[in-house]
Amino acid sequence: MLIGHEAILRELRALATDPEPPHALLLAGPDGTGRRLLARFYAQVLNCERRDGGAPAAAGMFAAEAVEPLPAEQLPCGECRPCRLIETDAHPDVVHLAPGDTLCKPRVGDSSHPAHPQSRDIRICQVRGLIELASRYPFEARYRLVMVEPAERLAREAAHTILKTLEEPPGHTVFALVSAAPEALLETIISRCRRIDVRSVPRDEIEAGLVAGGIDAALAAEAAAASRGRPGRALQYVEDPDLMAARGRLLERCATISIASVADRFRHAEDLATRYRKERSGIEGDLDAWETFWQEQLRRAAPERGEAAAEALAALKAVTQCREDLLTNVIPRAAFELMLLRFPRLRLDVTTQEEPAAHA
Ligand SMILES: [Zn+2]
Ligand SMILES: [Zn+2]
């Protein structure tokens with residue numbers, strides 16, 4: 001379910017209905033904001049059978065019957081075969097390139113190429129597979145969509161190779177690079193892409209979107225408040241209210257650690273690093289909780305307590321830095337230690353209150 005981003009949807013619609021749509025998008029923004037859904041939306045408008053002149057390139061068994069084209073602002077129709085297949089993530093021409101084994105194609109004659117389902121990077125062998133794929137016609141789409149995510153995990157050689165494809169894109173393939181850390185991408189890659197900054201969505205828009213999707217009003221309000229502007233996160237909370245309870249526990253732990261000794265903080269950094277090794281995404285909730293916690297400290301400190309406000313701001317920067325460090329090649333434990341040591345040590349009295357923002 002795509003919530004918010006009206007201006008971006010208008011932009012994508014205009015781009016996709018242009019006679020020469022851009023062949024590479026860079027969707028830059030935090031996880032959970034809807035970047036993948038926006039890429040899919042772009043693919044839908046490009047491939048919708050009711051797009052003017054939008055009959056599939058490969059006229060064959062799936063060729064559309066003659067249908068009345070829709071005005072551009074009503075695209076995608078959401079009902080034709082391409083629209084439905086893309087919506088349900090079942091379109092054979094929507095390809096997701098991610099760290100792991102997807103599209104891995106070892107060099108010819110390289111029989112010792114190891115499998116790498118757990119690799120952290122998008123490797124050159126995968127880009128080789130991608131280039132081979134892009135050289136073929138799509139199965140049935142007019143435009144194949146290749147989503148590269150997270151794009152900042154393109155290994156160096158892989159990035160240089162994909163750049164060549166972006167410079168001379170095959171006519172039937174569009175790329176959507178999805179990244180939470182676009183500054184880590186090669187400047188030459190960024191300059192080949194149409195950049196779209198996907199920002200957080202206002203809380204009331206998320207809430208309204210959830211309610212429109214049939215979610216109970218009270219749950220929608222709570223999930224929207226807890227989501228920190230990320231509709232994807234709000235949907236996770238709605239699907240699994242236990243996650244929201246877990247968030248409450250995380251906030252309590254933030255309060256405990258914010259008054260703890262340096263030794264305790266080091267221990268906690270180790271704990272975070274251990275969990276990070278097991279499941280990287282599990283740490284997101286912790287970092288979100290820290291942001292919520294320090295924003296709340298900031299809100300309480302302002303305006304009369306200048307020093308406390310400055311400390312809370314510095315703590316928020318430390319969380320942002322930690323996220324960036326985890327996306328680059330900093331050792332996770334060092335990233336967590338740095339963050340926790342940059343946090344000010346609070347006194348008990350300012351940390352024991354409930355967090356009103358989430359319950360307002
Ligand atoms: Zn359609
Ligand atoms: Zn490989």
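Residues numbered from 1 in each chain as written. Chains lettered and ligands numbered in written order. Predicted model: local features only at pLDDT ≥ 70, side-chain atom pairs only at ≥ 80, totals over all residues.

## Looking at unusual backbone geometry
Note the cis peptide between Leu75 and Pro76, where omega equals -5 degrees. Considering the arrangement of structural elements, one finds Pro76 in the loop between helix 2 (35-47) and helix 3 (81-87). Following Glu149, the chain continues to Pro150 via a peptide bond in cis, the omega torsion being -5 degrees. Following the sequence through the fold, Pro150 ends up in the loop between strand 3 (144-148) and helix 5 (156-167). Positive phi, normally seen in glycine, also occurs at Leu103, with a value near 65 degrees. Within the secondary structure, Leu103 sits in the loop between strand 2 (94-97) and helix 4 (124-135). (Helix = DSSP H or I, 4+ residues; strand = E, 2+ residues; numbered from the N terminus.)

## Overview of the domain arrangement of the chain
Per the domain assignment, the segments making up the chain are domain 1 (6-197), domain 2 (201-239) and domain 3 (242-358). Here domain 1 and domain 2 have C-alpha centroids that lie 28 Å from each other. Contacts between domain 1 and domain 2 engage four residues on the former and five residues on the latter. Of the residues that constitute the side of domain 1 that touches domain 2, the class distribution is one nonpolar, three polar and no charged. (Domains from an automatic or database assignment. Contact = placed C-beta atoms within 7 Å. Nonpolar A, V, L, I, M, F, W, Y, C, P; charged D, E, K, R; others polar.)

## Focus: the sheet that holds strand 5 (residues 194-197)
Pairing is parallel across the open sheet formed by five strands, whose spatial order is 2-3-4-1-5. Across the chains shown, the open sheet's two edge strands, defined by having one partner strand only, are strand 2 and strand 5. Taken pair by pair, the neighbouring strands of this sheet meet at an average axis angle of 20 degrees, ignoring direction. (Pairing = 2+ DSSP bridges. Axes fitted to C-alpha atoms, helices over the stretch in contact; angles between N-to-C directions.)

## Some remarks on the nonpolar core
With 50 residues, the main nonpolar core has Leu25, Leu27, Ala39, Tyr42, Ala176 and Leu177 as its most contacted residues. Broken down by element, this core gets its largest block of residues, seven residues, from helix 2. If near-sequence neighbours (up to four positions away) are discounted, Tyr42 is found in contact with Leu12, Ala16, Leu25 and Ala176. Ile257, Leu272, Trp294 and Phe336 belong to the second largest nonpolar core, which has 19 residues in total. (Core = buried A, V, L, I, M, F, W, Y, C linked by C-beta atoms within 7 Å. Buried ≥ 20, exposed ≤ 12 C-beta atoms within 10 Å, placed from the backbone.)

## A few points about the confidence of the model for the chain
Residues at a pLDDT of 70 or more form 91% of the chain, whose mean pLDDT is 88. Contacts from residues 350-360, a stretch scored under 50 in pLDDT, to residues over four places away or in other chains number 14 contacts. (pLDDT = per-residue confidence, 0-100.)

## Quick word on the pairing of strand 2
As defined by bridge partners, strand 2 adjoins strand 3 across four bridges and the pair is classed as parallel. Considered in strand 3, the bridge of Leu97 is made with Val148. Handedness of the strand 2-helix 4-strand 3 crossover: right-handed. (Right-handed = clockwise from strand over helix to strand, strands pointing away.)

## Some thoughts on the environment of Gly171
Its place among the elements puts Gly171 in the loop between helix 5 and strand 4 (173-179). Spatially, the C-alpha atom of Gly171 lies 9.4 Å from that of Tyr137, the residues being 34 residues apart in sequence.

## Quick word on the pairing of strand 4
In terms of burial, strand 4 is a largely internal element, seven of the seven residues being buried. Neither face of strand 4 is exposed, since Thr173, Phe175, Leu177 and Ser179 on one face and Val174, Ala176 and Val178 on the opposite face are all buried. Bridge count for strand 1 (residues 24-28) against strand 4 is five bridges, and the pairing is parallel. Pairing of Leu26 across the sheet is with Leu177, part of strand 4. With five bridges joining them, strand 3 and strand 4 adopt parallel strand pairing. The residue of strand 4 that forms the bridge with Arg144 is Thr173.

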